[in-house]
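Here is how the chains run, residue by residue.
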Amino acid sequence: MPEPTPASSPESERSSPASAQAEWRYRAIFNGAANIAIITMDLGGRITDWNPGANRVLGWTYDEALGRPADFFLMPEDKAIHRLAAKMEVAVLHGRALNEHWHVRRDASRFWASGELIPLRNEDGEAAGFAMILRDRTAARRDAEALRELGDRLGRADGIPEMSFVAADVIGRTLGISSAGYGVMTDDGQYFAMERDWTASGIASLPAKMKVEDYGSYYDQLRLGDAVAISDVRLDPRTIASASALESVSARSFINVPIIENGRLVALIYALSAEPRAWSAADIAFIRAVAERTHAAVERRRAERKVQNLAASLEKQVAERTRERDRIWQVNQDMLGVATPDGVWLSVNPAWTRTLGWLPDQIIGRTSEWLEHPEDREKSRPELQSMAGGSAVACERRFLATNGDFRLLSWTAVPLEGSVYCVLRDVTEERQREKDLRDANDFTRLALSAVGGVGVWTYDVAGDRFFCDAAIAALYGLNAEEAAAGMKRERFLANVHQDDKPKLRMTMAGNSLRGGDLELEYRIRHPDGSVHWVLSRGHTYFDDAGKATRQTGVGIETTSQRILEEQLRQAQKMEAVGQLTGGLAHDFNNLLAGILGSLELLRARLAQGRIKELDRYINAAEGASKRAASLTHRLLAFSRQQTLDPRPTNINRLVVGMEELIRRAIGPAIVMEPLIAAGGLWTTFVDAGQLENALLNLCINARDAMPTGGKLTLETGNRWLDVQAARERDLPPGQYVSLCVSDTGTGMTPDVIAKAFDPFFTTKPIGQGTGLGLSMIYGFARQSGGQVRIYSEVGAGTMVCIYLPRYTGEADREDSPIEFCDTPRAQFGETVLVIDDDPTVRMLVTEVLEDLGYVAIEASDGPTGLQILQSDVRIDLLVSDVGLPGGMNGRQVADLARIHRPELNILFITGYAENAVVSHGHLDRGMHILTKPFTVDGLANRIKDLIGAQ
């Protein structure tokens, strides 16, 4: 709208100079009010004038607004109630009408306007129109409402951290920024402690402590109490150097408003914006108002807490005992009361109202007669007389409640110092529950009473009491009458075996939380010392709130079943022993027949002078002896008593070295797949020779399972067995190395797998196999700390896996190839002490040593051998059996000998792995084992190696 000048105004031409001057001043004010909307209208409410301020505030131009009804920028709800017309009436009657409510701008946004409507009067004083003055107070209203919200929430806040958050939340939401926070200066003046901040979605919080030095050059301004407002950190000289760091915490622009107390900077409120922002004076004023109010509220809360803590401390010191009594009186769920000796109540606690509904004023000053059930009144008179006489009373009586029901109360009344102190407990539900439990179990007890060794029990969780029938009482060794009436849990479980109690308590407690069925078998020790087994099965019942109310179940005596199971296990053991001894007798009789027959024929041919056929009989006897030795080793492996020589072993290397031997053993009809070798295979500590035997046995078994040909696969792997996997394999949890042999043969049924490791069990035809192959592998694996498992399906093949513990050391390097040569001869004077209680073995070893040029000294027991070892006689090697007479075994002799001869090499010759020799699978340095039976060359080479090593 163009600004009219006084000269161009029609009114100025008709008016006096004074009027013209007034009109000019009016126009100057009307048009100069840039941020105030001034609108004039006629009596009908149509706009007659519209200043530039109205254009800025409302958005419509002069031409767009002129002549329109003045309510077009009101809210729809105000139009509906004709707010403008009402305001006009008020303005005419009272000279003005306040105008504060929401309005609509041209862009459809809302704003809160504050102003008034003033009537314009003519020379006769009559209303000729109206002037409306509006100011945009949206920001002020927003800030005022935010400050009101701040005050309300600070008053309700629970603790200073929440108050800090309230302040930050109000600032953040009101100003629409990224984050805000309230921090308090620490006592050392080095940090602002930000207890809890507010952040918009996706914005990270600042650290809980901010160093004062991080505030840079403008910290001095804060210390003086000046607010620091940065519109863009990239452009402001104070923040250009740290702009990147500030933007990383969403602070492209920010305000810091300090709080000064007694000339000292004590707190600070910050507001951050991720975008550049020109902070207005109103923004700064609003944040400062929030800061001051928050600080005042925080300090007031701290002061209040100090006063409260001090008052509480003083009160605690002065009246602790009184307060405790009052608390007990108030919170006790039992009904407490004090009465005169004649039964008039002097005081009662709130539990009376909670239980019966009567208020204390309705009870105090009266006796209990009006509350008692008519049938109980006669019983109460003798009790009142007893109390009056100073005697304590315990009874159960029914009292009337406000709802007309009677509650059963358990009474205890004790006269003391002229008053009677009473405790009454409501046992209505408890007695009803006991009745319901008895009724609920009657039918079951009747049904089970005809079955011996079976009874019913019920555990009342709330009352912590067990109820059970005569059968359960007899099974648990309890008094039947006491058990039927109910007994505490500890009494009921008193006879449970001490070793079984922890598991029983854990089972019951867990079932009370999780629900469902419970089942546990445990032992009961009766008062007479006898032990009975009981299988207890039950179920937990819960109320609507999910709280366990009772557990009900049955107890079944399983003592006889346990005895039968033990007898069955013993019978199975005896059957296995019988099978083992029968097989041994059969095989050794065959072997002895070959040995004895060959020796008899050898003697006969020598007597006849027919020496050409001697090799034949010697070879037959030697072959039978070797088969006997092999059978003995297999038996020792099965019993886990064979003599092992464990060494760190790389199974990949061992299998590769045996591939050619295995191919020859399985024949051309079987395809042997390349080894599936695990990369980085762990080392295991095992007797490599026994493992080779086990692997060869498995491959031969696989060959026999594929008579028409098939495929053989060897696989190694690292296995980390957790608790469950280890339990399935009967092993401790840990790291293992596996060696698996798979075939595509006939497979095994579950019944065959179950018997596969039994001694002398075989599925091969008679005369083929001893039935000890898998038994030997099983014994070897178990003795080595591992396990063996069979996985098979009929028609699909079989996989047998050996699991051996991981060894954390390095594998032994490959042995150099043995070069066979003539038996070595002894050097002059080399002496060997032979200790063995068997004269035949001693004679054979001594003759072998003398034939090789060694000096042999014999001893038949440990003490004799030790005397020789403790003398000055030269001893280059000790060869000793382990099991010796005389109270000293071979290992003890060796240990004592090394006191005087620390570098002495020792060779134990034994056919049995006595624990005295091998400790945890290891021999001391310089100690070695040679397994009986042995060859002469084998003994000679071993002796020469040991003496040469010195």
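Being a predicted model, the structure only gives us computed values, none of them experimental. (Residues numbered from 1 in each chain as written. Predicted model: local features only at pLDDT ≥ 70, side-chain atom pairs only at ≥ 80, totals over all residues. Heavy atoms only, no water.)

Engineer: I tried to follow the overall build of the chain on my own but got confused; where do I start?
Structural biologist: If you tally the helices and strands in the chain, you get 30 helices and 35 strands. Residue burial in the chain is summarised as follows: out of 950 residues, 41% are buried. Contacts in the chain between residues far apart in sequence, at least 24 positions, make up 55% of those at least 6 positions apart. (Helix = DSSP H or I, 4+ residues; strand = E, 2+ residues; numbered from the N terminus. Buried < 20%, exposed > 50% of the residue type's maximum accessible area, 1.4 Å probe, protein only. Contact = heavy atoms within 4.5 Å.)

Engineer: What should I look at first to understand the side chain of arginine 842 in this one?
Structural biologist: For arginine 842, the position within the fold is in helix 27 (residues 839-851). For arginine 842, the residues in contact, after removing those within four places along its chain, are Val834, Asp836, Asp837, Glu858, Ala859 and Ser860.

Engineer: What's the story with the sheet that holds strand 1 (residues 36-41) in this structure? I'm lost.
Structural biologist: Strand-to-strand pairing in sheets goes through backbone hydrogen bonds, with the strands running parallel or antiparallel. Reading across the sheet, the five strands line up as 2-1-5-4-3 and stay open at both edges, with antiparallel pairing between neighbours. Of all the strands in the sheet, the pair left with one neighbour each is strand 2 (47-50) and strand 3 (97-104). Each adjacent strand pair in this sheet contributes to an overall mean axis angle of 25°, direction not counted. Inspection of the sheet shows strand 1 paired to strand 5 (residues 127-136) by six bridges, in the antiparallel sense. (Pairing = 2+ DSSP bridges. Axes fitted to C-alpha atoms, helices over the stretch in contact; angles between N-to-C directions.)

Engineer: Can you help me understand the pattern of salt bridges in this one?
Structural biologist: Any two side chains of opposite charge can pair, on the condition that their charged atoms come close. For the structure shown, the criterion picks out 43 salt bridges. Of the charged contacts, one joins glutamate 145 and arginine 141 as a salt bridge, the two residues approaching to 2.9 Å between their closest N and O atoms. Here glutamate 145 pairs with arginine 141, and both are found in helix 7 (residues 138-156), just four residues apart, close to one helical turn. Classification of glutamate 145 by relative accessible area gives partly exposed; the value is 33%. Among the ionic pairs, glutamate 430 bridges to arginine 431, the shortest N-O distance being 3.5 Å. (Salt bridge = Lys/Arg side-chain N within 4 Å of Asp/Glu carboxyl O.)

Engineer: Help me out: how do you make sense of the packing of aromatic side chains in this one?
Structural biologist: Where two aromatic rings form a pair, the distance of their centres and the angle of their planes describe that pair. Within the structure shown, the criterion is met by 15 aromatic pairs. A ring pair is formed by tryptophan 102 and tryptophan 112, whose centres lie 5.3 Å apart and whose planes are at 80°; its orientation type is edge-to-face. Here tryptophan 112 lies in strand 4 (residues 110-121) and tryptophan 102 lies in strand 3, a separation of 10 residues in the sequence. Taking the relative accessible area as the measure of exposure, tryptophan 102 reaches 23% and is therefore partly exposed. (Phe/Tyr/Trp six-rings, centres within 6.5 Å; stacked < 30°, edge-to-face > 60°.)

Engineer: Please clarify how empty space enclosed by the protein should be interpreted in this entry.
Structural biologist: Gaps left between atoms show up when a probe the size of a water molecule is rolled over them. Within this structure, the stated rule accounts for two cavities of 30 Å³ or more. Together, 13 residues line the largest cavity, and Trp457, Leu504, Met508, Tyr522 and Ser536 are the ones closest to its centre. Every element with two or more residues in the lining of the largest cavity is listed here: helix 19 (501-514) and strand 21 (517-525). Put simply, the second largest cavity is a space of about 60 Å³. Every residue along the wall of the second largest cavity is listed here: Leu74, Arg83, Leu84, Lys87, Asn99, His101, Leu117 and Met132. Only helix 6 (83-94) and strand 3 provide two or more residues apiece to the lining of the second largest cavity. With three residues, the top contributor of residues to the lining of the second largest cavity is helix 6. (1 Å grid on protein atoms, 1.4 Å probe; cavity = no way out; pocket = protein on both sides within 12 Å on 5 of 7 lines; lining within 4 Å. Points joined across faces, edges and corners; volume = space filled by probe spheres on them.)

Engineer: Which parts of the structure should I look at to understand helix 7?
Structural biologist: Given 3.6 residues to a turn, an α-helix orients residues that are three or four positions apart in the same direction. The end-to-end C-alpha distance of helix 7, which contains 19 residues, comes to 27 Å, matching closely the 27 Å that a straight helix rising 1.5 Å per residue would cover. Of all the positions in helix 7, only Asp143, Ala146, Leu147, Leu150, Arg153 and Leu154 are classed as buried. The buried residues of helix 7 occupy an angular sector of 135° when the element is viewed end-on, so they sit on one face. Within helix 7, the exposed residues directed more than 90 degrees away from the buried face are Gly155 and Arg156. (Expected span 1.5 Å × (residues − 1). Arc of directions from axis to C-beta.)

Engineer: Would you take a moment to explain the UniProt feature "modified residue: 4-aspartylphosphate" (unreviewed entry) in the chain for this structure?
Structural biologist: Mapped onto the present numbering, the UniProt feature "modified residue: 4-aspartylphosphate" (unreviewed entry) falls at Asp881. Position of aspartate 881 relative to the elements: it lies in the loop between strand 33 (877-880) and helix 29 (890-900). Assessed through its relative accessible area of 9%, aspartate 881 is described here as buried. Those residues in contact with aspartate 881, other than ones at most four positions away along the chain, are Ile835, Asp836, Asp837, Gly890, Ile909, Thr910 and Lys932. (UniProt positions renumbered as here; feature names shortened; annotations may be inferred.)

Engineer: Can you help me understand the environment of arginine 46 in this one?
Structural biologist: Following the sequence through the fold, arginine 46 ends up in the loop between strand 1 and strand 2. Judged by relative accessible area, which is 43%, arginine 46 ranks as partly exposed. In this structure, arginine 46 is in contact with Thr40, Met41, Gly67, Arg68 and Pro69, ignoring residues within four places of it in sequence.

Engineer: Explanation requested: unusual backbone geometry in the structure shown.
Structural biologist: Comment: phi is negative for the bulk of residues other than glycine, and the bulk of peptide bonds are trans. Notably, asparagine 262 is not glycine yet its phi reads approximately 55°, a positive angle. According to the relative accessible area criterion, asparagine 262 is exposed, its value standing at 80%. For aspartate 464, which is not glycine, the phi dihedral falls at a positive 55°. Counting through the fold element by element, aspartate 464 comes out in the loop between strand 18 (454-460) and strand 19 (465-468).

Engineer: So what exactly am I meant to see when it comes to the pairing of strand 3 here?
Structural biologist: Examined bridge by bridge, strand 3 and strand 4 share eight bridges and lie antiparallel to one another. Its bridge partner lying in strand 4, tryptophan 102 is registered against tryptophan 112. Linking strand 3 back to strand 4 in an antiparallel pair, the connection comprises five residues, with alanine 108 at a positive phi of about 75°.

Engineer: What's the story with a nonpolar patch on the surface in this structure? I'm lost.
Structural biologist: Among the surface-exposed residues, Leu592, Leu596 and Leu599 lie close enough to one another that they form a single nonpolar patch of about 270 Å² accessible area. Taking the relative accessible area as the measure of exposure, leucine 592 reaches 42% and is therefore partly exposed. (Patch = residues over 30% accessible without salt bridge, like charges linked within 9 Å, V, L, I, M, F, W, Y side chains within 5 Å. Areas by Shrake-Rupley, 256 points an atom, 1.4 Å probe, with all protein chains shown as cover.)

Engineer: Any chance you could explain the nonpolar core here in plain terms?
Structural biologist: The tendency in soluble globular proteins is for nonpolar side chains to be buried as a group. Counting 39 residues, the largest nonpolar core has Ile662, Leu691, Leu695, Leu712, Leu714 and Ile802 as its most contacted members. Contributions of two or more residues to this core are made by helix 22 (651-666), strand 25 (670-672), helix 23 (688-704), strand 27 (710-721), strand 28 (734-743), helix 26 (773-783), strand 29 (787-793) and strand 30 (797-807). The contacts of leucine 712, once residues within four sequence positions are left out, are Ile662, Ile666, Ile670, Val671, Met672, Glu673, Cys699, Ala702, Val741 and Ser742. Of all hydrophobic cores here, the second largest spans 34 residues; its members include Ala146, Ile171, Ile255 and Val298. (Core = buried A, V, L, I, M, F, W, Y, C linked by side-chain atoms within 4.5 Å.)

Engineer: What am I meant to see in the pairing of strand 14 (residues 345-348) here?
Structural biologist: Residues in a regular strand project their side chains so that they alternate between the two faces of the sheet. Sheet topology note: the strand 13 (residues 335-339)/strand 14 ladder contains three bridges and is antiparallel. Counterpart to alanine 339 in the pairing with strand 14 is tryptophan 345. A loop of five residues connects strand 13 with strand 14, the two strands running antiparallel in sequence, and glycine 343 in this loop sits at a positive phi of about 95°.

Engineer: Would you explain the packing of helix 7 against helix 8 (residues 160-175) in this entry?
Structural biologist: When two helices pack together, their arrangement is captured by the angle between the axes and the distance separating the axes. Look at helix 7 against helix 8: their axes get within 10 Å of each other, and the N-to-C directions meet at 160°. With respect to their mutual orientation, helix 7 and helix 8 come out roughly antiparallel. Crossing of helix 7 against helix 8: the hand is right-handed. Mapping the contact onto sequence places Arg142, Asp143, Ala146, Glu149, Leu150, Arg153 and Leu154 in helix 7 and Met163, Phe165, Val166, Ala167, Asp169, Val170, Arg173, Thr174 and Leu175 in helix 8. (Parallel < 35°, antiparallel > 145°, perpendicular 65-115°, else oblique. Left-handed = near helix turned anticlockwise from the far one by under 90°.)

Engineer: Would you explain the state of the cysteines in this entry?
Structural biologist: What we call a disulfide is simply a covalent bond connecting the sulfur atoms of a pair of cysteines. Tallied over the entire structure, the rule returns one disulfide. Between cysteine 740 and cysteine 801 runs a disulfide, and the two sulfur atoms are separated by 2.1 Å. In this structure the cystine formed by cysteine 740 and cysteine 801 twists about its S-S bond by roughly 110°; its chirality is therefore right-handed. Of this pair, cysteine 740 sits in strand 28 while cysteine 801 sits in strand 30, and the two are 61 residues apart along the sequence. Classification of cysteine 740 by relative accessible area gives buried; the value is 4%. Here cysteine 395 is not disulfide-linked; the sulfur of cysteine 422 is the nearest cysteine sulfur, at 9.5 Å. Assessed through its relative accessible area of 13%, cysteine 395 is described here as buried. On the basis of relative accessibility, which here comes to 4%, the residue cysteine 422 falls in the buried class. (Disulfide = S-S within 2.5 Å.)

Engineer: Looking at this structure, how should I read the packing of helix 22 against helix 23?
Structural biologist: In the contact formed by helix 22 and helix 23, the axes pass within 10 Å of each other and the chain directions differ by 40°. In this view, helix 22 runs oblique relative to helix 23, as classed from their interaxial angle. Where helix 22 crosses over helix 23, the two elements pack in a sense that is right-handed. On the side of helix 22, the interface is formed by Ile651, Leu654, Val655, Met658, Leu661, Ile662, Ala665 and Ile666, while helix 23 contributes Ala688, Leu691, Glu692, Leu695, Leu696, Cys699, Ile700 and Arg703. Looking at the contact of helix 22 with helix 23 residue by residue, the classes come out as 14 nonpolar, no polar and two charged. (Nonpolar A, V, L, I, M, F, W, Y, C, P; charged D, E, K, R; others polar.)

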